[in-house]
Amino acid sequence: MMQNKNIWPVTLLKCGAIVFVGLFLYLGIEYYGENEFDAIAKRATQTQKKLISLELETFKTTSDTIASLIFDEKTSELMYRLERGDLKPEAVRAALLKRYRPIYETLHRHDLRHLQFHLPDGTSFLRVHEPGKFGDSLLSIRPSIAKMIEKHKPLYGFEVGKYLGAYRGIYPLFYHKKYVGSVELSFTFSVMKRVLENVSKGQTHYYLALNLDRIKESADWNLLHVYRKCHVDPKFVINENVVDSCKVLRETGFRTNLLPYREFSVILQPSPDLYKIVSFIPLKMIDGSYGGYYIVIHKDNGAVASIASMIAVIKMALVLTVLVALVLILMLHFYRMRAYTADIDPLTGVYNRRGCMRELGSGDRRYALIFIDIDRFKQINDTYGHEKGDEVIKTVARIIATHIRKEDIFCRYGGDEFLLFVANATTEQAHIIAEKLRKHIDIHRFDGVENVTVSIGIAIRQRNESIGSLIARADKSLYQAKSEGRNRVIVEDEQDFKKEE
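Residue numbers here run from 1 along each chain, matching the order of that chain's written sequence. For a predicted model such as this one, the threshold for reporting local features is a pLDDT of at least 70, and the threshold for listing and counting side-chain atom pairs is 80 or more; totals across whole chains, interfaces and linings nevertheless cover every residue. To obtain the side-chain values, all non-hydrogen atoms of the structure were used and water was disregarded.

### Some words on the sheet that holds strand S14 (residues 417-423)
Phase 1 of the analysis: Following DSSP output, two strands are said to pair if at least two bridges run between them. Runs of H or I in DSSP of at least four residues are treated as helices and runs of E of at least two as strands, each being numbered from the N terminus. Reading across from one edge, S13-S14-S12-S15-S16 is the order of the five strands in this open sheet, with mixed pairing throughout. Every interior strand has two partners, whereas the edge strands, strand S13 (409-414) and strand S16 (489-491), have only one. In this sheet, neighbouring strand axes are inclined to one another by 20° on average, regardless of whether the strands run parallel or antiparallel.
Phase 2 of the analysis: Pairing between S13 and S14: five bridges, direction antiparallel. Its bridge partner lying in S14, arginine 412 is registered against phenylalanine 418.
Phase 3 of the analysis: Along the sheet face, helix H12 (residues 427-443) touches strand S12 (367-374), S14, strand S15 (454-460) and S16 and points at about 165° away from the line of S15. To get an axis, a line is fitted to the C-alpha atoms, and for a helix only the part in contact is used. The angle between two axes follows their N-to-C directions and goes from 0 to 180 degrees. A contact between two residues is defined here by any heavy atoms of the two lying within 4.5 Å.

### Looking at the sheet that holds strand S4 (residues 164-175)
Phase 1 of the analysis: Taken in spatial order, the five strands of this open sheet run S2-S1-S5-S4-S3, and their pairing is antiparallel. Every other strand in the sheet has two partners, leaving strand S2 (124-127) and strand S3 (155-161) as the edge strands with one partner each. Strand-to-strand twist across the sheet, computed as the mean angle between neighbouring axes with direction ignored, equals 30°.
Phase 2 of the analysis: Sheet topology note: the strand S1 (residues 112-118)/strand S5 (residues 178-187) ladder contains six bridges and is antiparallel. Each residue of the ladder has a partner; that of histidine 114, found in S5, is serine 186.
Phase 3 of the analysis: Relative to S4, helix H2 (residues 73-84) is tilted by about 80°, and along the sheet it contacts S1, S2, S4 and S5.

### Re the pairing of strand S11 (residues 290-299)
Phase 1 of the analysis: Under the scheme applied here, a residue whose accessible area is under 20% of the maximum for its type counts as buried, over 50% as exposed, and between as partly exposed, the area being computed with a 1.4 Å probe on protein chains only. In terms of burial, S11 is largely enclosed, as eight of its ten residues are buried.
Phase 2 of the analysis: By the bridge criterion, seven bridges tie strand S6 (residues 204-211) to S11 in an arrangement that is antiparallel. In the sheet register, threonine 204 faces S11, and the bridge partner there is histidine 298.
Phase 3 of the analysis: Here strand S10 (residues 274-284) folds back onto S11 in antiparallel fashion, the turn holding five residues, of which glycine 288 has a positive phi close to 95°.

### What about H2?
Phase 1 of the analysis: Spanning twelve residues, H2 covers 16 Å between terminal C-alpha atoms, matching the ideal 16 Å at 1.5 Å per step.
Phase 2 of the analysis: Along H2, the positions that sit buried rather than exposed are Thr75, Ser76, Leu78, Met79, Tyr80 and Leu82.
Phase 3 of the analysis: Residues of H2 that are buried sit in contact with helix H1 (8-70), helix H3 (89-108), S1, S2, S4 and S5.
Phase 4 of the analysis: Of the residues trailing H2, glycine 85 is marked for its positive phi of about 90°. Expected span, for any helix, means 1.5 Å times one less than how many residues it has.

### Notes on the nonpolar core
Phase 1 of the analysis: In terms of nonpolar packing, the biggest core is built from 49 residues, with Phe71, Leu96, Phe117, Leu185, Leu210 and Tyr294 touching the most fellow members.
Phase 2 of the analysis: Setting aside residues no more than four positions away along its own chain, leucine 210 makes contact with Phe158, Val160, Ile215, Tyr227, Lys235, Phe236, Val237, Leu283, Gly291 and Gly292.
Phase 3 of the analysis: Within this scheme, the nonpolar core is defined by two criteria: the residues are buried Ala, Val, Leu, Ile, Met, Phe, Trp, Tyr or Cys, and they are joined through side-chain atoms within 4.5 Å. Ranked by size, the runner-up nonpolar core spans 33 residues in total, among them Ile370, Ile380, Leu420 and Val449.

Any functional reading would require information beyond the geometric quantities listed.
Spelled out as structure tokens, the structure:
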């Protein structure tokens, strides 16, 4: 019998497998691309982190150099005599201002922002940059001052104060080993920004995003207008003078929660042919806590674009390969469907004569041929009509197909005749099979038709015998079954066959 060759499920399974493999490879390519992009972004971030650290070290060195040149024992003596009460505050303030105002104005032209003296208790004694403001305690808003009073050691780092944030170098003042106060030098972030951007020749831009809550704790509220909310996270602010220049963050719509503080980087694409690497490096404050981020926007030097282009080409090639494979499978499916249709009897769904011959092939395999014919089929057509006749043929075919093996070859030979080729069966085995089929058909109750029986003839293929010869011999046995009263099985007498030879 022909096996069920409705190949749609198999074809769909193959298509599904190809799509699955394609999707798996596509996701693998995506994963590879993301890893490559992450690696590029991380390398860029590590480079920027080193540059920032180097610039901070440069700031420390510069601050130490200035301090060693301008702060001497005379300054410490004035602060000592002030604390002892030998000199009035106004006199000491005037003496310090007279001495340091010219120095401050010179250094201010070279990026020094503030020069300020503190009393041992943390009170601001003199702001050289703004001498009219003094006497306010800095302990509540400047953790560095409290740390200076405790440790009496130089401190370096970024800190937000009443007059906003700056990089500070704070130095203790001693007179004969007695702590008499401290002095600080401060520089704005714009100094670091300018230096670093000059090093990158305009390919990289640096911004400082500060935690808004930290600023509100320390800064003068009247000065908060110089900040604008960061596009990435409104809990952070950026100086108003530079916020528009980092518009790539706004244009790409990139947003994330910057808390808790962590180092990370992203790759943004503001335009089809442009990639930018954005690094977020936590800003460590002078007291060791974190209070913001360095945001570094670096123009891609071609590495990201190259990877992106390669990934796009691979994806396109993969998609085309999957589509071609699907088309080929579907074409093969339809080809097989056409071949299948040509080999199948449309009424019964089993092989037709052509399909049977093709399935048998030209080999010399031994078969027992069971030739089946419906008894008085013309009478059935004449009595019940051709539609009922077709139903009888379909039912008989179904009964036979149900009770044979998968390796047997079963076909509709024509009209109401069927051939069943049973491989490697003896005469006795073929007879048992035929009798079983005859009985199943005999006892079956056909819808609207009575007394449907079959006659069966059997012949065993001999060595080198053609299929046509085998069918002719089985047909003779079938004719004998008809002649002897129908509804019976006749097996060709092999001795008679040998006599004929």
